[in-house]
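These are the residues of each chain, in order.
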Amino acid sequence: MQIKVASRLSRLPPYLFAELDRLKREMQDRGVDVISLGIGDPDLPTPPNIVKACQEAVESPVNHRYPDYQGLDRFREAVSKWYQSRFEVSLNPQTEACALIGSKEGIANFPVAVLDPGDIVLIPDPGYPVYYSGCVFNGGEPYFMPLRKENAFLPDLSRIPAQVARRAKLMWLNYPNNPTAATTDKVFLQHAVQFCLAHEIILAHDFAYSEIAFDNYRAPSVLEVEGARECAIEFHSLSKTYSMTGWRVGFAVGNSQLIAALGAVKTNIDSGVFQAVQEAAIAGLTGSDDSVKRYCAIYQERRDLMVDALRSIGLECELPRATFYIWASVPSNYTSASFAERVLRETGVVITPGSGFGKSGEGYVRFSLTVPSERLREAVKRIKALRI
Ligand SMILES: Cc1ncc(COP(=O)(O)O)c(C=O)c1O
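Please read all numbers here as calculations on a predicted model, not as lab measurements.

S.K.: Any chance you could explain a nonpolar patch on the surface here in plain terms?
M.R.: Together, Met1, Ile3, Val5, Leu9, Leu12 and Phe137 line one region of the surface with nonpolar side chains, adding up to about 640 Å² of accessible area. Secondary-structure assignment places Leu9 in the segment before α1 (18-29).

Now the structure itself:
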């Protein structure tokens, strides 16, 4: 029998990282000491108080059963208390917060809740790939908002044509930003909320990197902005804040109708977050933020080292105020992919070509700071030897 898969799969872009993945495996098989600065997966361990809370919860049979779809009451209360103390935003834990199996789950499921076929989705370019796949999997039409250096990697909303804005149903924003590491302030978020309210567009803010910040920068929540509660939902992750990528826990907060719609989708697709993991998350959200501060200090040291080193070998990059990424311009005569490939092939260092995040990512590569400083130094030493 000829298997015919759904045509929506053919709407996914070609997987740009496939050749690099193959090359990386081949080099590892040959015994090359590969340094991966490719993915944003923290090397620092989950803090011990969080691990311990999970260990204790695992013992209890009450946690062995199906969890509540929206999350334990205590989980949602912990989220709402954390929002109050971190952003001075008060949330009703019953109606304005929902647990997620990692924020990626919510980001992928949210379009199911709000899109009808033909609706336009405004997507940052470059951007986290799930905004696009969530759009096309659900019959939406993507409209890319370029993030350009001259605009501080913020979308220029005034350039969105009126007929696009009229048909747009959903806008994604993500600050602190992956992959550009750009940050924003309340003024821009206010502008975005006003734009969305004026055009009746749902604003979805991906806030996965909210706590990974340096130099006293504090990333604002979109919910701090007047009017946001009418149109916005914010997606949060514990993955980066507490080095919990493997645990799969996050949450969505914001407009109660949007939270209810997402919840309705989730009740038909998943069965909630393992309660012992929710207990771990509660320990993180209600505990001291010492570990977050300590980890940010480590990322900051790596950032300083890496920015200096990259600049010294002629790779132009900004000093990011947040995230654990560095977004660097590729040297002339290279595309993002050809540069990343040469670096991998000749030095064993994996970096991510910007074009993998969208057309406007061309001309850049992303370095992830999720390896120890000595490995970063070694990576730059090897790249320097290329004499690019
Ligand atoms: C911008 C952005 N959003 C969301 C996620 C998903 O994180 P998680 O599903 O682990 O919460 C990531 C992960 O890398 C990301 O970079």
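Picking up after the structure, the text goes on.
S.K.: Help me understand empty space enclosed by the protein, please; the structure alone is not making it clear to me.
M.R.: Summary: where empty space remains is shown by rolling a probe the size of a single water molecule over the atoms. On inspection of all chains with the given rule, the structure shows one cavity of 30 Å³ or more. Estimated volume of the largest cavity: approximately 40 Å³. Along the walls of the largest cavity sit Trp82, Ser210, Glu211, His236, Ser237, Leu238, Thr241, Tyr242, Phe251 and Leu285, which together make up its complete lining. Of the residues belonging to the lining of the largest cavity, the class tally is five nonpolar, four polar and one charged.

S.K.: Please clarify how the nonpolar core should be interpreted in this entry.
M.R.: The tendency in soluble globular proteins is for nonpolar side chains to be buried side by side. Of all hydrophobic cores here, the largest spans 66 residues; its most connected members are Phe75, Tyr83, Leu122, Met171, Leu203, Leu223 and Phe251. Three or more residues apiece are contributed to this core by two domains, here domain 1 (7-45 + 290-384) and domain 2 (48-286). Once residues within four sequence positions are removed from consideration, Leu223 is found in contact with Tyr83, Val89, Leu91, Ala228, Ala232, Glu234, Val253 and Gly254. In terms of nonpolar packing, the next biggest core, distinct from the first, is built from 42 residues, Val34, Tyr325, Val343 and Leu369 among them.

S.K.: Just to check I follow, could you spell out the pairing of strand β7 (residues 232-237) for this structure?
M.R.: Two faces make up the sheet, and in a regular strand the side chains alternate between them. With six of six residues buried, β7 lies mostly within the body of the structure. On β7, burial covers both faces: Ala232, Glu234 and His236 on one face and Ile233, Phe235 and Ser237 on the other are all buried. Across four bridges, the pairing between strand β6 (residues 202-206) and β7 is parallel. Note on β7: the bridge partner recorded for Asp206 is Phe235.

S.K.: I would appreciate a short explanation of the sheet that holds strand β12 (residues 364-368) in the present structure.
M.R.: Note on sheets: strands pair through backbone hydrogen bonds, and any given pair is parallel or antiparallel. One open sheet accounts for three strands, arranged β9-β12-β11; its pairing is antiparallel. Looking at strand neighbours, the two that pair on one side only are β9 (325-329) and β11 (352-353), the edges of this open sheet. Relative to β12, β11 runs antiparallel, the two being bridged by two bridges. Looking at β12, one finds that Thr352 is bridged to Arg366. Sitting on the sheet, helix α12 (residues 336-347) touches β11 and β12, and the angle it makes with β12 is about 45°.

Reading the values: rules and limits
Residues numbered from 1 in each chain as written. Predicted model: local features only at pLDDT ≥ 70, side-chain atom pairs only at ≥ 80, totals over all residues. Heavy atoms only, no water. Patch = residues over 30% accessible without salt bridge, like charges linked within 9 Å, V, L, I, M, F, W, Y side chains within 5 Å. Areas by Shrake-Rupley, 256 points an atom, 1.4 Å probe, with all protein chains shown as cover. Salt bridge = Lys/Arg side-chain N within 4 Å of Asp/Glu carboxyl O. Helix = DSSP H or I, 4+ residues; strand = E, 2+ residues; numbered from the N terminus. 1 Å grid on protein atoms, 1.4 Å probe; cavity = no way out; pocket = protein on both sides within 12 Å on 5 of 7 lines; lining within 4 Å. Points joined across faces, edges and corners; volume = space filled by probe spheres on them. Nonpolar A, V, L, I, M, F, W, Y, C, P; charged D, E, K, R; others polar. Core = buried A, V, L, I, M, F, W, Y, C linked by side-chain atoms within 4.5 Å. Buried < 20%, exposed > 50% of the residue type's maximum accessible area, 1.4 Å probe, protein only. Domains from an automatic or database assignment. Contact = heavy atoms within 4.5 Å. Pairing = 2+ DSSP bridges. Axes fitted to C-alpha atoms, helices over the stretch in contact; angles between N-to-C directions.

Take it as geometry only, folks, not as evidence of what the structure does.
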